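Here is what each chain is made of, one letter per residue.
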Amino acid sequence: MGKSKTRILRKGIQNKLNTLTRESAVAEAVKYLDGNFLNDAKNLITMFGLSAEELLECGASYESVKAIENIF
């Protein structure tokens, strides 16, 4: 994990998650999308630079990914 992501996590912006791999970030983003926590999902997607394809492969619904297509 890079220095910037480590600092962001230490600041408490994502205080729910101490260490996060890319794979677990994709899974968490999918869970947030399915649970209608769009702000949390957008934060993870932009922090890790996730793609729509990665989210769809992990099990996100097409409609939820299409709803946030402007951040990709």
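Placed above this text is the structure.
What counts, and at which threshold
Residue indices follow the written sequence of each chain, beginning from 1 at its first position. Totals for whole chains, interfaces and linings use every residue, but because this is a predicted model, local features are given only for residues with pLDDT of at least 70 and side-chain atom pairs only at 80 or more, for both listing and counting. Hydrogens and water are ignored here; the side-chain numbers use all heavy atoms of the structure. Helix numbers and strand numbers start at the N terminus; a helix is a DSSP run of H or I with at least 4 residues, a strand a run of E with at least 2. Type-normalised accessible area, obtained with a 1.4 Å probe on protein chains alone, sets the label of each residue: buried when under 20%, exposed when over 50%, and partly exposed for intermediate values. By definition, residues are in contact when any of their heavy atoms lie within 4.5 Å. Geometry is summarised by axes, namely lines fitted to C-alpha atoms with helices restricted to the contacting stretch, and by angles between N-to-C directions that run from 0 to 180 degrees. Put simply, angles under 35 degrees are roughly parallel, angles over 145 are roughly antiparallel, angles from 65 to 115 are roughly perpendicular, and the rest are oblique. Crossing handedness follows the turn of the near helix against the far one: under a right angle anticlockwise gives a left-handed crossing, and clockwise gives a right-handed one. Think of it as three bins: nonpolar holds Ala, Val, Leu, Ile, Met, Phe, Trp, Tyr, Cys and Pro, charged holds Asp, Glu, Lys and Arg, and polar takes everything else, Gly as well. To define a nonpolar core, start from buried Ala, Val, Leu, Ile, Met, Phe, Trp, Tyr and Cys residues and group those joined through side-chain atoms within 4.5 Å.

A. Spatial organisation of the side chain of Ser64. Here Ser64 shows up in helix H5 (residues 62-67). Relative accessible area serves as the criterion here: at 12%, Ser64 is assigned to the buried category. With near-sequence residues (within four places) excluded, Ser64 lies in contact with Leu33 and Asp34.

B. Structural view of the environment of Tyr32. Looking at the element boundaries, Tyr32 is found in helix H2 (residues 22-34). Counting along the chain gives 12 residues from Tyr32 to Leu44, while the straight-line C-alpha distance between them is 9.5 Å.

C. Molecular detail of the packing of H2 against helix H3 (residues 38-48). At their nearest, the axes of H2 and H3 sit 8 Å apart, and the two run at 155° to each other. Between H2 and H3, the crossing angle belongs to the class labelled roughly antiparallel. Read as a crossing pair, H2 and H3 show a hand that is left-handed. Counted together, Arg22, Ala25, Glu28, Ala29, Tyr32 and Leu33 of H2 and Leu38, Asp40, Ala41, Leu44, Ile45 and Phe48 of H3 form the full contact between these two elements. Looking at the contact of H2 with H3 residue by residue, the classes come out as 9 nonpolar, no polar and 3 charged.

D. Fine view of the nonpolar core. By size, the foremost hydrophobic cluster in this structure holds 17 residues, and its most contacted members are Leu44, Phe48, Leu50 and Leu55. Among the secondary structure elements, those contributing two or more residues to this core are H2 and H3. When sequence neighbours within four positions are dropped, the list of residues in contact with Phe48 reads Lys5, Leu20, Thr21, Arg22 and Ala25.

E. Main features of the environment of Ser61. By the element assignment, Ser61 lies in the loop between helix H4 (52-58) and H5. Ser61 sits in the partly exposed class, given a relative accessible area of 29%. Separated by 27 residues in the primary sequence, Ser61 and Asp34 place their C-alpha atoms 7.7 Å from one another. Dropping the residues within four chain positions of it, Ser61 is found in contact with Asp34 and Leu56.

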